[in-house]
Every structure is written in structure tokens, then in C-alpha cells.
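Examination of the molecular architecture
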Amino acid sequence: MRSIISLTFDDGFRCQFERARPILNNHGIPATFFLIADQQPTHENRRNEWWKIDWCNEDIAMLKKVVQEGHEIGSHSVTHDGTKMPRQPDFEARESKRLIENWMGTEISSFCYPFYRTHVYLSDAVRSAGYEQARMGAQNSYYALSAPLDFNVDCRQVSKNDNVKEWIRPDCWHVLTFHGIGDEHSGWEPVSVDRFAAMAAELAEYRKSNAVEIVTFKEGAQRFRRGRE
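Description of the structure in this document. (Residues numbered from 1 in each chain as written. Predicted model: local features only at pLDDT ≥ 70, side-chain atom pairs only at ≥ 80, totals over all residues. Heavy atoms only, no water.)

1. Examining the pattern of salt bridges
- What the rule picks out here adds up to 13 salt bridges.
- The salt bridge partner of Lys97 is Glu101, with a shortest N-O separation of 2.6 Å. You can see Lys97 and its partner Glu101 sitting in helix α3 (residues 89–104), four residues apart, about one turn around the helix.
- Taking the relative accessible area as the measure of exposure, Lys97 reaches 9% and is therefore buried. (Salt bridge = Lys/Arg side-chain N within 4 Å of Asp/Glu carboxyl O. Helix = DSSP H or I, 4+ residues; strand = E, 2+ residues; numbered from the N terminus. Buried < 20%, exposed > 50% of the residue type's maximum accessible area, 1.4 Å probe, protein only.)

In C-alpha cells:
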């Protein structure tokens, strides 16, 4: 059976929509974008160059088009603040879902834990808020399609030196994570536009050869649930 790959993008950096989205659309590759629900213009309000979605009217109109293109929008908490989140897990889970659903006019079923390991104290709140699946850690896990899947799913943090061939493993689901697309002024762990374009093109070739199927994070999780029904 083919490998299944999901591409995910964290933090709602503008570079992801300005630079990665056209490349994804050119290859017909769907992705999941996990967005922070605050209306700050920069990530954690501390790096002025890390511009992010701030939920202005133009952002909302653009994001609705992103969904129409076949991509998924998910939640990445309200504050993405490591000091606030442990004190208000229910707020981070429920309010981010409420806000994004209100702006988008559609259900948000996927959550992404900030800093990868915050599932330790956010997981119960995320489940209670009504999400169907959540993405955590960066342990490069591959999930066998024949095995049960937990609510929390591991991922692979992609670096500029990643070998696309290593992403592919038959009969497995592998979740990839990107942050900045561009240079260090774009976001955390940046991958250059040229390198991202090369990765997407190579992944599309694997799909063309029927070695891989590319789906959103939500669809990947649904595959496991359908397999157990």
C-alpha cells in the first residue's frame, strides 16, 4: 500500500500563505495550517519580523479561499504563551476553537499543541473542547495504517536538509511540520522557498508514481477511524 503523508504548518506565519501556498497549489498538494487565535500581528509579539495572521477581514477572506482550495485550518491555541497556557488550558482549547470557527464559518476539528510537548497539560482540555485529533511532538514517528491511532499524533519537524525519500514508508502515515518559509526573518526553523519548492516537486513525483498519497491532517486521522469501523 502507498505511504500517506500530511503536511502541516504551525503558527500562521504570513510567509506560509505568501510563499508555500502557491507552490502547494501548483502541485495540487493539500496541507493543514494551524493558526493562533489571537489578533497580534507578530508571533508572540516579540519578533517584529515574524509576521502572522491577525484575523483582519482580509485574512479571513483569504483563509476561506484556502479552505476552498482543499487545505485545512486548525487551531494552535489562543495565546501560544508558555506561561499562560498551563494556567488556562480550557480557555486555550475552547476559545481558540470558538473564535476560529466564528471567523471561518466552519467546524475546526484539529488542534496543534504549541511547543510540541504541551499535550502534557492541554490534552484533556483539547479532547473536552470537541476536537477530533491533535498533533504533538517531533519524534519522526511513522504510524502503521493497520494499527489503532491515538488522539494525539506525533510529527516530523522538517529541516532544510531533509531528504524527501526518508518521508516515504509503505503502509504508514507520516506527518510533516513546517514553520518559516524563507529566511530567519520568516519564522522558526526556516526552509528557503527554493528548497521548499524542490521538496514539494519531489513529493509530487512520488505521488505520480503511486508511491504516496498526500492528505490533510484531518483526512489522515479519518483514515484510521474508518479502518476500525
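2. Notes on the environment of Val158
- Within the secondary structure, Val158 sits in the loop between β8 (156–157) and β9 (172–178).
- The residues touching Val158, leaving out its near neighbours within four places in the chain, are Trp167, Leu176, Thr177, Phe178, Val191 and Met199. (Contact = heavy atoms within 4.5 Å.)

3. Observations regarding the nonpolar core
- Membership of the largest hydrophobic core comes to 53 residues, with the highest contact counts inside it found for Leu7, Phe9, Trp167 and Phe178.
- Core analysis: the next-biggest nonpolar cluster, separate from the first, contains 14 residues, Trp173, Val175, Val215 and Phe224 among them. (Core = buried A, V, L, I, M, F, W, Y, C linked by side-chain atoms within 4.5 Å.)

4. Looking at helix α5 (residues 193–208)
- Across its 16 residues, α5 extends 22 Å between first and last C-alpha, which sits within 8% of the 22 Å expected from 1.5 Å per residue.
- Buried-residue contacts for α5 involve β1 (3–10), α1 (14–27), β9 and β10 (212–214).
- One or two positions beyond α5, positive phi appears at Asn210, with a value near 70°. (Expected span 1.5 Å × (residues − 1).)

5. Considering the pairing of β1
- The element β1 is extensively covered by neighbouring structure, given that eight of its eight residues are classed as buried.
- What you see with β1 is no split at all: Ser3, Ile5, Leu7 and Phe9 on one side and Ile4, Ser6, Thr8 and Asp10 on the other are buried throughout.
- Where β1 and β10 come together, three bridges link them in parallel fashion. Bridging from a neighbouring strand, Ser3 pairs with Val212 of β10.
- Across six bridges, β1 lies against β9 in parallel orientation. Note on β9: the bridge partner recorded for Ile4 is Trp173.
- When β1 meets strand β2 (residues 31–35), the two strands line up parallel, connected through four bridges. Bridge pairing in β2 places Thr8 opposite Thr32.
- As for the winding sense of the linkage, the β-α-β connection from β1 through α1 to β2 is right-handed. (Pairing = 2+ DSSP bridges. Right-handed = clockwise from strand over helix to strand, strands pointing away.)

6. Considerations on the pairing of strand β3 (residues 72–75)
- Here β3 shows no split at all, with Glu72 and Gly74 on one side and Ile73 and Ser75 on the other all buried.
- Summarising the sheet, β2 and β3 pair through four bridges and their orientation is parallel. Residue pairing for β3: Phe34 is matched across the bridge by Gly74.

Remember that the coordinates give geometry; whether it matters functionally is a separate question.
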